[in-house]
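So the chains spell out like this:
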Amino acid sequence: MRAYDREDLQFQLWDVAGLGDLIAGSDLDRDAVNGILDTADQIGSDFFLPIGREIDENEPQFVDGRAVLPDVVKPAVDAFVRAGFIGAGFQPEHGGMGLPETVHQAAAFVLAASNVSLSGYGMLTVGAGRLIQSFGTDRQKRTYLEPMVEGRFFGTMCLSEPQAGSSLSDIATRAEPMEDGRYQIIGRKMWISAGAHELSENIVHLVLAKIPGGPPGVKGISLFIVPRLRDDGATNDVTLAGLNHKMGYRATTNCALNFGEAGGCIGELLGEPHNGLSYMFQMMNEARIGVGMGATALGQAGYQASLAYARDRPQGRAPTAKDPTAKQVAIIDHADVRRLLLAQKAAVEPALALAIMCATLVDRERAGDVKAKALLGLLTPVAKSWPSEFCLEANKHAIQVLGGAGYTRDYPVERYYRDNRLNPIHEGTHGIQGMDLLGRKVLIDGGAGFGALADRIRMDIAEGGEFDAPLEQALTRLEQVTRHLAAQVGAAPDRGLANATLYLDCFGHVIMGWMWLRITQAAQKCTARDGDSDFLRGKHQAARYYFARELPRTEGWSATLLGNDQTAFDMQADWF
């Protein structure tokens, strides 16, 4: 059984996102895209899915300073590398396939649904490689990027430190200039995903550090390329200090790394000095979209597993049944089980629509579309955070569908939940994303980006449909809330941002209403073209669930936000 719905993925790509228009005039066509997805599907079904339970129950071990993974991990990752998925989105001049980001992300969705902890190695390598592609010298591209595109080197991002966490202005890692233009790196990094393993020839760490004498705070942060091994294969004094054992993503090593303990860690400056954080935001924003896609994939995997179980599991009888000896019905015939399934579908499918939309915006931005860049920046916090919160809720519902069996490791749904529970903290917590959205994104250019987004949503509302009126009402409320909170942030930032997380939820629910409008409009066109089907009827019914049960939550949230409730802000530390 697949861990995702291939028919829905095809529908989302071609009918909702309009992939055909995006690739028109290129060497790609529908058959070629399907071939790429078939390859991802085969790797998922042959390598990733079968070992899911084994690599979850056998975590990486810290042995003699090394991270030791189960033997089954490397053949699976090697299959992924051989298929070319790390290099898929890079341009041919660097050894890549030059695929549009939309196609690349669709394949990433398939692989993440099959096993998110294995797919993470590729996601991080791609992000690190793109930073070197954007800001590296020609020599750095030859030395580091090309082996990464080939899958011989993997990559990481090294931001957090034990004493600093998300407060990057407080990082203490130093980069001491050397006479030959390189730097001696000294410091400690924490929570480094894929920071140590033996799955590749080398690991290219992108490390945030401060050059002594630079500006204070984040303005003094620079970015460095720090390989685990030097060109001659000798160690570069990057030491694995220990492994963090998280509740999920267990096959992705998570590390504490020490740089320069013996005074021999050498790094190269990437780009200009003191611009490291602005460079790193490119990787972080790409990773945020990737985290959202992974959270969506986990929600989809849980939905598919619980749906299959509900169809096969007989238990109980209809409330109207009077004969206790009558044949039991499948649990999918019980109303509350259908509610649990519908709640999952109502969360997962618009989350996928948003992730794919963000990928199309990346492609359009690369083609020079300025409006696409602005819209992508505004949607990125939602694309990361909404699936991380509400597809996690979907995973909770999947466990409940299975009843007691769902809480056992005999079925994968509890693992999907544990994996997804990490995503609210990946690449910036839910609260950080809320502050980014309300404190920066909606305020840029006097709110012009938010206004453009509202205009874009109203263009789809103008096409008409069953859900245009409630979406218009929710959007109008969001506009009112945004204007009010923007004024509050301008007057008193601390109090204005006190409800940023709730604002993010409210904003995200309206965006998902927009996604459901787009999905049902596409479904209507498919019905007119090909006739009705159970697949298309299911889209409309899931949208009805969302508009009946989820979008109305924005009314209460909006009331709280318009009052800018200060209960949490006014709570004193000593009162706890």
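Here is what the cut-offs are and how they apply
Note on numbering: residues in each chain are counted from 1, in written sequence order. Confidence filtering applies because this is a predicted model: local features only for residues at pLDDT of at least 70, side-chain atom pairs given and counted only at 80 or more, and all residues used for totals across whole chains, interfaces and linings. No hydrogens and no water enter the side-chain calculation; it runs on all heavy atoms of the structure. UniProt positions are given in the numbering used here, feature names are shortened, and annotations may be inferred rather than shown by experiment. Only the stretch in contact is used when fitting a helix axis, every axis being a line fitted to C-alpha atoms; angles between N-to-C directions are given from 0 to 180 degrees. Every helix listed is a DSSP run of H or I at least four residues long, and every strand listed is a run of E at least two residues long, numbered separately from the N terminus. Angles are sorted into four bins: roughly parallel if under 35 degrees, roughly antiparallel if over 145, roughly perpendicular if 65 to 115, and oblique for all others. Contact between two residues is taken to exist if any of their heavy atoms lie within 4.5 Å; hydrogens are not considered. Here the term charged refers only to Asp, Glu, Lys and Arg, the term nonpolar to Ala, Val, Leu, Ile, Met, Phe, Trp, Tyr, Cys and Pro, and the term polar to all other amino acids, Gly among them. Two kinds of site are reported from a 1 Å grid over the protein atoms alone, namely cavities, where a 1.4 Å probe fits but cannot get out, and pockets, open sets with protein on both sides within 12 Å along at least five of seven lines, and residues are called lining when an atom falls within 4 Å of a point. Grid points are joined across faces, edges and corners, and a volume is the space filled by probe spheres set on the points. Each patch is built from residues lacking any salt bridge and having more than 30% relative accessible area; the joining distance is 9 Å for like charges and 5 Å for nonpolar side chains (Val, Leu, Ile, Met, Phe, Trp, Tyr). The Shrake-Rupley method, run with a 1.4 Å probe sphere, supplies the accessible areas, and residue values consider only the shown protein chains as cover. Here, a salt bridge means any Lys or Arg side-chain nitrogen found within 4 Å of an Asp or Glu carboxyl oxygen. Each residue gets one of three labels from its accessible area relative to the maximum for its type: buried under 20%, exposed over 50%, partly exposed in between, using a 1.4 Å probe on protein chains only. Among the buried residues, those of types Ala, Val, Leu, Ile, Met, Phe, Trp, Tyr and Cys that are joined through side-chain atoms within 4.5 Å form a nonpolar core. For every domain, the bounds stem from an assignment made automatically or drawn from a database.

Looking at an unreviewed UniProt entry, the protein chain carries the name Butyryl-CoA dehydrogenase, with the source organism given as Sedimentitalea nanhaiensis. Its UniProt record, at the heading Sequence similarities (unreviewed entry), says of the protein chain: "Belongs to the acyl-CoA dehydrogenase family." Looking at the protein chain in UniProt, the text filed under Cofactor (unreviewed entry) is "FAD".

## Regarding the packing of helix H10 (residues 335-366) against helix H17 (residues 500-530)
The relative placement of two packed helices is expressed as an angle between their axes plus a distance between the axes. Where H10 contacts H17, the axes come no closer than 9 Å and their chain directions differ by 90 degrees. Taken together, the axes of H10 and H17 lie roughly perpendicular to each other. Contacts from Lys 345, Ala 346, Glu 349, Pro 350, Ala 351, Ala 353, Leu 354 and Met 357 of H10 reach H17 at Ile 511, Met 512, Trp 514, Met 515, Trp 516, Arg 518 and Ile 519. Looking at the contact of H10 with H17 residue by residue, the classes come out as 12 nonpolar, no polar and 3 charged.

## Focus on the layout of surface pockets
Taken as a whole, the second largest pocket spans an internal volume of roughly 530 Å³. As for the second largest pocket, its lining consists of 17 residues, and the residues nearest its centre are Tyr 303, Leu 307, Arg 311, Lys 345 and Gly 538. Of the residues forming the lining of the second largest pocket, the biggest block, 6 residues, is contributed by H10. In terms of residue class, the lining of the second largest pocket is built from 7 nonpolar, 3 polar and 7 charged.

## Focus: a nonpolar patch on the surface
Judged by side-chain polarity, Met 571, Trp 575 and Phe 576 come together as a nonpolar surface patch covering roughly 420 Å² of accessible area. Looking at the secondary structure, you find Met 571 in the segment after helix H20 (567-570). The exposure class assigned to Met 571 is partly exposed, which follows from its relative accessible area of 30%.

## Re the UniProt feature "domain: Acyl-CoA oxidase/dehydrogenase middle" (unreviewed entry) in the protein chain
UniProt annotation of "domain: Acyl-CoA oxidase/dehydrogenase middle" (unreviewed entry) refers to residues 157-259 when read in the numbering used here. Here residues 157-259 runs as 0% helix and 44% strand, with 14 Å between its end C-alpha atoms.

## A short note on unusual backbone geometry
Not every positive phi belongs to a glycine, and Asp 237 is a case in point at roughly 60 degrees. Among the structural elements, Asp 237 can be located in the loop between strand S7 (221-227) and strand S8 (238-243). In this structure Asp 237 comes out as buried when scored by relative accessible area, which is 11%. In this structure, Glu 427 is a non-glycine residue whose phi angle is positive, near 55 degrees. Classification of Glu 427 by relative accessible area gives buried; the value is 18%.

## Side note on the UniProt feature "domain: Acetyl-CoA dehydrogenase-like C-terminal" (unreviewed entry) in the protein chain
In the numbering used here, UniProt assigns the feature "domain: Acetyl-CoA dehydrogenase-like C-terminal" (unreviewed entry) to residues 455-572. Secondary structure content for residues 455-572 is 82% helix and 0% strand, while the C-alpha to C-alpha distance between its ends is 41 Å.

## Some thoughts on the nonpolar core
Grouped together as the largest cluster of nonpolar side chains are 95 residues, with contacts concentrated most on Leu 9, Leu 118, Ile 132, Leu 206, Leu 208 and Met 280. The element contributing the most residues to this core is helix H9 (residues 276-312), with 14 residues. In this structure, this core is formed jointly by two domains, domain 1 (6-153) and domain 2 (154-274), each of which donates at least three residues. Core analysis: the next-biggest nonpolar cluster, separate from the first, contains 67 residues, Leu 379, Leu 478, Val 481 and Ala 500 among them.

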